[in-house]
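So the chains spell out like this:
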Amino acid sequence: MRIQNSYRVLFLLLPLFFLPHTSRAANQTRLVVSNTPGQCPQAKFTKIQDAVNAAVAGDTIRVCNGVYAEQVTINKPLDINADPGAFLVPSSVQQNSSSLATGDAIAAALLVTGASNVTISGLTVDGINNGIASCSPRLIGVYFQNSSGTVNHATVRNFKLGVSFNGCQSGTGIFVESGSGGTSDVEIANSSIHDFQKDGITVNEMATQARIRNNVVTGLGPTTGAAQNGIQIGFGAQGTIRENTVTNNVFAPCNAIATCDTVATNILVTQSDDVRIVDNIVGISQIGIFVDGNNSVVRGNTAFASTVFEGIRVEGDGNTVNDNRVVNGGEAGIFLAGNNNAVQRNQITDAPIGILKAAGSAGNVINGNDFFNVAIEVQDPPLASLKMKVVAER
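Values in this document were obtained by computation on a predicted structure and should not be read as measured data. (Residues numbered from 1 in each chain as written. Predicted model: local features only at pLDDT ≥ 70, side-chain atom pairs only at ≥ 80, totals over all residues. Heavy atoms only, no water.)

**Observations concerning the state of the cysteines**
In this structure the tally under the stated criterion is three disulfides. With a sulfur-sulfur separation of 1.9 Å, Cys135 is cross-linked through a disulfide to Cys168. With the S-S bond torsion at -65°, the cross-link from Cys135 to Cys168 turns out left-handed. Placement of Cys135 in the loop between strand 10 (124–126) and strand 11 (138–145) and of Cys168 in the loop between strand 13 (155–159) and strand 14 (172–177) is noted, with a sequence separation of 33 residues between them. Between the sulfur atoms of Cys254 and its disulfide partner Cys260 the distance amounts to 2.0 Å. Torsion about the S-S bond of the Cys254 and Cys260 cystine: about -105°, corresponding to left-handed handedness. The same class applies to Cys254 and to Cys260, which are both buried. What links to what in the chain: the bonded cysteines, counted in sequence order, pair as 1-2, 3-4, 5-6. (Disulfide = S-S within 2.5 Å. Helix = DSSP H or I, 4+ residues; strand = E, 2+ residues; numbered from the N terminus. Buried < 20%, exposed > 50% of the residue type's maximum accessible area, 1.4 Å probe, protein only.)

**Focus: the side chain of Asn322**
In this structure, Asn322 sits in strand 30 (residues 320–322). For Asn322, a relative accessible area of 9% gives the class buried. Contact partners of Asn322, with chain neighbours within four places excluded, come to Val298, Arg299, Gly300, Ala342, Val343, Gln344, Arg345 and Asn346. (Contact = heavy atoms within 4.5 Å.)

**Observations concerning the pattern of salt bridges**
Between side chains of opposite charge, pairing is possible as soon as their charged atoms come close. The full count for this structure, using the stated rule, is 13 salt bridges. Across the salt bridge formed by Lys160 and Asp195, the nearest N and O atoms sit 3.5 Å from each other. Taken as a pair, Lys160 in the loop between strand 13 and strand 14 and Asp195 in strand 16 (residues 192–196) lie far apart in primary sequence, 35 residues in all. We note a salt bridge from Lys357 to Asp380, for which the minimum N-O separation is 3.2 Å. (Salt bridge = Lys/Arg side-chain N within 4 Å of Asp/Glu carboxyl O.)

**Concerning the pairing of strand 20 (residues 229–234)**
Taking burial as the measure, the six residues of strand 20 include six buried ones, the bulk of the element. With five bridges joining them, strand 17 (residues 199–204) and strand 20 adopt parallel strand pairing. When the sheet's bridge partners are listed, Ile201 is paired in strand 20 with Ile231. Bridge count between strand 20 and strand 23 (residues 265–270): five bridges; the pairing is parallel. Note on strand 23: the bridge partner recorded for Gly234 is Thr270. (Pairing = 2+ DSSP bridges.)

The structure is reproduced here in structure tokens:
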């Protein structure tokens, strides 16, 4: 009898739990933006920023087909859903923020600051008309600062300066950063990032998390300007880099080991631990995957056409490099420096040396690897670290 009475109380209480959720959903509003007459008759805004300003937390903004020549700042939870053919193309990009780590002036086409649960879907963000003619402010496409959310099925392109300024450490597609006691947690998925000057995707600083998956990130090819990195997680940030295709980040002056002072990378982890790099395809760069950190996992990747240096390079302790396929390495297929790392079950094809293990490293496990068209399978050279030759974005 007591059990039956308990169930009656439970059933009576259930509607009370569901009512707040229903009420909250009913209060959400869908705002529509269009600057093309007659295309979206329900549109009440011609600018994305005007809709953002009018929205309340949790609203959805539909961006209709068209070219929107504006910068946008979002500081509240919103869903930005763009129709096919919706382009954010600022006619000029002005400073609207500063880096939390360095204080450098930043000009972002789309800035998300101090906001949670911001979704940007389907939008093309294009910096072709950025108008910046100096190294400052730093040019960025989409900038999440102390914010969380998702970038999905987006295109971010043409964030680069003119030829006279191609050596500036500026021009990044998507940048995620935390600081001043804030946090960031962002997913970047199913997107295309290309024609950037410095980095395609950068995730930096402690208290920053990112899941970077199923994107295509394409560098400029051989360049004498800023040394490019396709995807970077650094300076205490953590995250997962999974199932991306990253290619064509090449620093042209780096063409020989003895004279190469700067390298470009497709995937770079610098001064960060516990990062997972899984099932990516990387190719055409000085180094395909470079991990400078501890306890990271590099698994199931395909690295090809690494000019000068290696397909995979790991410097740190406790890292796992398993089940990767490395084809056509420059100096070697895999380079290892550090202690208590595991390099197992990799397939290395067409390289002068299969695995270079730096002298002085201890406790490493290297076994179960397959070598094809490799003159020397494993060698312990007294090579210097490349840490200072990678130009990470900060």
